Amino acid sequence: MTVVTVARRRATWFQHAVLALVAFVPLLLTARGRVAADTRQYLYVDPQHFLSSALDLWDPNVHLGSATHSTIGNVFPMGTFFAAGDLLGLPVWAVQRLWIGAILFAAGAGVLFLARSIRWQGPGVVVAALVYMLTPYTLQYAPRTSVLLLPFAALPWLVGLTERAVRTGGWRHPALIALVVMTCSGSNVVALAMVAPGPVLWIAFMLAARRTDWRRVGEVAWRTAVLTLGTCALWIGSLIVESRYGLNVLSYSETLQQVSTTSSAPEVLRGLGYWLFYGTEARQPNISGATHYLESAPILIVSYAVPGLALLAAFLTRWRYRAVAIAMVLTGVVVAIAAYPVQDPSVVGRGFKGLADLSSVALAFRSSTRAVPVVVLGLAMLLGAGVSAVWCRTTPVALVATAVVVALVLANAAALFAGDYVDDNFSRPTAIPQYWRDAAAALDREGSDTRVLELPGSSFAAYRWGSTYQTSILATLLSRPSVAREQTTFGTPASADLLAALDRRIQEGVLEPAALAPIARLLSAGELLVRSDLEYERYDTARPRDLRRLLAPTPQGLDAPAGYGTPVENRPNPLLPLLDAQTLRLPANADDPPPVAIFRVEDAPAILRTVGTDRPTLLDGDGEGLVDAASVGLVTGDNIVLYAAWLASHPDRRAEALDAGADIVVTDTNRRRERRWRSTRDNAGLTDLAGNDQPNTGQGEATLQLFPGTNDDTRTVATPRGATVEATRYGNPITFETNVRAAQAVDGDPATAWEVGTITDPVGQHLTVRSDVPITADHVDLLQAQGGFRTRVLSEVTLRFDGGDPVRVPLDDPSLAPPGQRIEFTPRTFSKLDVEVTGTRETPDVIARGGSPSGIAELTIPGLEFDDLVRLPTDLTRVVGRDSNGHRLVYVLTRLRSDPAQRGDEETSLRRVITVPSQRTFSFTGTARLADTVPDDISDAVLGAAGASDGGVTATSSGRLPGAPRQRARAAFDGDPTTHWTGTYFQQVGSWVQ
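Here the focus is the sheet that holds strand S12 (residues 562-564). As a general point, the strands of a sheet are linked pairwise by backbone hydrogen bonds and lie either parallel or antiparallel. Pairing within the open sheet is mixed, and its five strands lie in the order S10-S7-S11-S13-S12. The sheet terminates laterally at strand S10 (482-484) and S12, the two strands that pair on one side only. Strand-to-strand twist of the sheet, defined as the mean angle between neighbouring strand axes without regard to direction, takes the value 25°. Note that strand S7 (residues 451-455) and S10 share three bridges and pair parallel. Among the inter-strand pairings, Leu453 is bridged to a residue of S10, identified as Val483. Each of S7, strand S11 (525-531), S12 and strand S13 (596-600) is contacted by helix H24 (residues 434-444), which is oriented at about 15° to S13, the strand it contacts most.

See below:
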């Protein structure tokens, strides 16, 4: 062995030692004892059990069961890494730090390997490795989805192996490429595909430089393809099965528009651009370490200085591989910015958007910033080459220049050295609360014939004691199936729809408790677990005290709950205190629930069971209809229920069910409407007109294809009389606020309104009224939305009559209070009036930047008649016809309402169009609720309290707390010091009671 060889080996060992020191030491000193909510919690709680069950494609804990490839994708290397750490007895937090450190080290070592492959030596090699390894790109994924960093770590290895495979031929290097691909692709193949331009560009460079020929490239390609297919066959087969039997999850997650809002070229060049990096939740950053790169001026300068120096080196340095490095930077930027800017993309971006609209496969590539590693690798090589070039000249200058560059590179990794790779918002203590372990043990003792239903749902699993992100802690502790509603939609359309229907009522405070036991039995849930230790303000989930009051007394069909843990007040984060009407209406002595409560479901059937087919229930509706029918005893959980809309595509099955004496239940659900999936509440939009598809706004709309191939005869649709009222948008772009839909602007009630611009600017939005008959008028009256703090109001609207010339109208103070501002014009006859918002202004009540929603409470058009009607499905009753007399026929109607303490109702009255198939007699039952807007004295009279004229007390007030009928005016004069009147939540000054 020559002296030169020994020196090179020592240098190599030294280089790797430097990388290891930087990769592992800061992480092992970070948040000792805390476990980041990274990827999947079952990897940390019991990795041995995870590996033993990972080869089963069926996951019973995902939306009542689903075929999924993600578990198999996490087996290697992540699952085996954590299982090895567990066998060695290492603390799980330390194993997690070693895992992240291993990814960083592998990335840097890959650059060293690439350098050896191309025989590149000198100090610039270590600098290039540090630049690549310490890029802020890793901060975007390490705290929550570190498995997505595996392609980042693999890229330089793939480029180096490609160089060697093409140069030397044979099977060895294609086999190594296949192994690397297998290691980093199982969990998310798209992330690997996004870094594929790196090796491809390297081959193109070798061809252009005549260092190889097409024949050699072809040999390498087919050998690599054959070996890669063999090593990846398991997850590829799993993915195929999932695509055939599971939901297209891509349609129900973030949209192309959402992920493309931040992927600008400057951000991509500094290794960033991932949309989640820039957002906040519950008034805290999505990624705590992001603040360094978004708010710190020194770090901002450094993060641009590093790529700036690399680009300077590209112009000043002559290097054999400069062209391919520049090509990697340019190509990576083009791919990474994709559709940015969304409103006016480049030619490439328009093509990408077009493909994404046509194909879910193309949509899978919407997170285009995962191509950033290609950019970073190119920049790292250029900067390293620049340092090497300096060393070829003057040693003192080289030392200073290298020191400056290394200092900048280390400063660019500020989040790593500050300990931000474990995010306080997405981590937990190593020890899981004992009450959760006790509850899981008690549930496991009940056996696995049934499942456990967790309530309430949550977008992500954030507990007061810590976050487990994508995985409920119960699912990691149990040995039997469980289910909990999550933001991401999995399973089948029917299971996802039913879970959403049940949980929506809990989240929005409108659940009929009588529905719980029947739906639980339908889901084969032997126990209901109510988790009251959630960080409920974070994702706006049901509040523990409210849910406890809803379930007390214990609903019929459930046993009294068993509590686990000490009941304590679950106080929200001071950043989001939730001191609102919903909190204020609670009694001062309201009980706190235990952190975990388990209700046993009486007579819960097994998951695998048989049921007789006599007298099934034909339900014309969807999951919402199932819950409605269960609340009135029409669905018990042990009878056969068949969806009528599904049977419309299976007439033979429908005939069999009718011949078996089926009961027919017609509901006003299965509505034609859009849905959004960015929260666990307010997912459903307004009821659309028959045959009228709402335009996709790119804000996450995606409808569950519950009954493909059916038409509007099987749906509940809007059939207004006299006019149709539509708007370009309403509410906010995240959830649906159907209580501020367009029809509320012409319903004659000034307390309701069409509103828009909760988050975005309302300018440019339209409200359009189309009358069924021509109207002749010389004026309209416009009243702006009422109530609450209005930090922004309309200052100008533009009217267009039947598409004619625009009429610009400034709105003054009269438009802000009833009866509104009269807008006069030359008498004219028209059938269509379009109102465009063309101006807004801030009010003196501005308390926060960004503004409040603006809108129109009443647009009064003389002679306009409008009846807001909804038509029930007609297909089943039409088919059955007069034969329906031989079946029990029930109509279940539900007014779309909300908890008054949360927001106004979508429907203030129940107006339905019902087509009865034959003449028959009906009985009528229902539930009446005291309207929140009824004056205090009228409420007293309805409830039988004597007024002043009858020798009692007449109590009135300026208003009362919404959703708190017991806190009306009379409570201030009833002689009971434990009761009280509470005024409206907003505008306390000037409130009165008498």
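Between its first and last C-alpha atoms helix H26 (residues 493-507) spans 20 Å; for 15 residues at 1.5 Å apiece the expected length is 21 Å, and the two agree. Taken across its 15 residues, H26 has 13 buried, putting it largely inside the fold. Among the residues trailing H26, Gly509 stands out with phi positive, at a value near 75°.

For the rest of this paragraph, the subject is the pattern of salt bridges. Applying the stated criterion across every chain yields a total of 46 salt bridges. In this structure, Asp781 and Arg822 form a salt bridge, with 2.9 Å as the shortest nitrogen-oxygen distance. With Asp781 in strand S20 (residues 766-784) and Arg822 in strand S23 (residues 821-842), this pair connects stretches of sequence that are 41 residues apart. Here Arg822 falls in the partly exposed class, since its relative accessible area comes to 47%. Bridged by salt links that share partners, the residues Arg504, Arg505, Glu508, Glu624 and Asp628 form one connected network.

Attention now goes to the packing of helix H6 (residues 92-117) against helix H7 (residues 123-133). One way to put it is that H6 packs onto H7 with a least axis distance of 8 Å and a crossing angle of 145°. The chirality of how H6 crosses H7 is right-handed. Each of Leu104, Phe105, Ala107, Gly108, Val111, Leu112 and Ala115 in H6 lies in contact with H7, whose residues at this interface are Val125, Ala128, Ala129, Tyr132 and Met133. Grouping the amino acids of the contact of H6 with H7 by side-chain chemistry returns eleven nonpolar, one polar and no charged.

Burial of helix H31 (residues 623-631) is extensive: eight of the nine residues sit out of reach of the surface. Of the positions making up H31, those classed as buried are Gly623, Glu624, Gly625, Leu626, Val627, Asp628, Ala629 and Ala630. Those residues of H31 that are buried are in contact with H26, helix H27 (516-522), strand S14 (617-620), strand S15 (641-643), strand S16 (663-667) and strand S26 (889-892).

Thresholds applied
- Residues numbered from 1 in each chain as written.
- Predicted model: local features only at pLDDT ≥ 70, side-chain atom pairs only at ≥ 80, totals over all residues.
- Heavy atoms only, no water.
- Pairing = 2+ DSSP bridges.
- Helix = DSSP H or I, 4+ residues; strand = E, 2+ residues; numbered from the N terminus.
- Axes fitted to C-alpha atoms, helices over the stretch in contact; angles between N-to-C directions.
- Contact = heavy atoms within 4.5 Å.
- Expected span 1.5 Å × (residues − 1).
- Buried < 20%, exposed > 50% of the residue type's maximum accessible area, 1.4 Å probe, protein only.
- Salt bridge = Lys/Arg side-chain N within 4 Å of Asp/Glu carboxyl O.
- Left-handed = near helix turned anticlockwise from the far one by under 90°.
- Nonpolar A, V, L, I, M, F, W, Y, C, P; charged D, E, K, R; others polar.

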